[in-house]
Amino acid sequence: MALIETPRSLPLSTHVAHGVITRANDLIGRFTRWREMRRTVRILSALDAEQLDDLGLTRGDIELFARRGQF
């Protein structure tokens, strides 16, 4: 007969801490992406129509471009 080891259960506090850390990392990631998107909008909004045209954008494209992250 083979001996099969079963993994020990981790304490509940470890699971809770992991969940909190995971959610915090997710929140930080979302905030970072939002901040970068707003920065992109701010930079592109400062360009004139000719400069935007050189990039293949119109003023109306800026928000969508920044949201999609197509740099």
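We now turn to the structure provided with this report. Think of each chain on its own: its residues are numbered from 1, step by step along the sequence as written. At least 70 in pLDDT is required for a residue's local features to be given in this predicted model, at least 80 for side-chain atom pairs to be given and counted, and no such filter applies to totals for whole chains, interfaces and linings, which use all residues. The side-chain values count all of the structure's non-hydrogen atoms but skip hydrogen atoms and water molecules.

What about the nonpolar core?
Generally speaking, nonpolar side chains in soluble globular proteins are found buried as a group. What makes a nonpolar core is a set of buried Ala, Val, Leu, Ile, Met, Phe, Trp, Tyr and Cys residues whose side-chain atoms join them at distances within 4.5 Å. Relative accessibility thresholds used throughout: buried, under 20% of the residue-type maximum; exposed, over 50%; partly exposed, between the two (1.4 Å probe, protein chains only). Among the nonpolar cores identified, the biggest contains eight residues, and these are Met37, Val41, Leu44, Leu52, Leu57, Ile62, Phe65 and Ala66. Put simply, the parts of the chain that give this core at least two residues each are α1 (12-45) and α3 (62-68). When neighbours within four sequence positions are excluded, Leu44 is seen to be in contact with Leu52, Leu55, Leu57, Arg59, Ile62 and Phe65. In DSSP terms, a helix is any run of H or I states spanning at least four residues, a strand is any run of E spanning at least two, and both are numbered starting from the N terminus. Residue contacts follow a heavy-atom distance rule, with two residues in contact if any of their heavy atoms lie within 4.5 Å.

With respect to the pattern of salt bridges
Every case where a carboxyl oxygen of Asp or Glu lies within 4 Å of a side-chain nitrogen of Lys or Arg is listed as a salt bridge. Applying the stated criterion across every chain yields a total of three salt bridges. Two residues, Glu63 and Arg38, come together in a salt bridge whose shortest N-O distance is 3.3 Å. Separated by 25 residues along the polypeptide, Glu63 in helix α3 and Arg38 in helix α1 bring together distant segments of the chain. On the basis of relative accessible area, Arg38 is assigned to the partly exposed category, the value being 32%. Close ionic contact of Glu63 with Arg67 constitutes a salt bridge, the shortest N to O distance being 3.4 Å. Remark: Arg67 and Glu63 occur in helix α3; sequence separation between them is four residues, near one turn of the helix. Here Glu63 falls in the partly exposed class, since its relative accessible area comes to 31%. Within the structure, one salt-bridge network assembled from shared partners comprises Arg38, Glu63 and Arg67.

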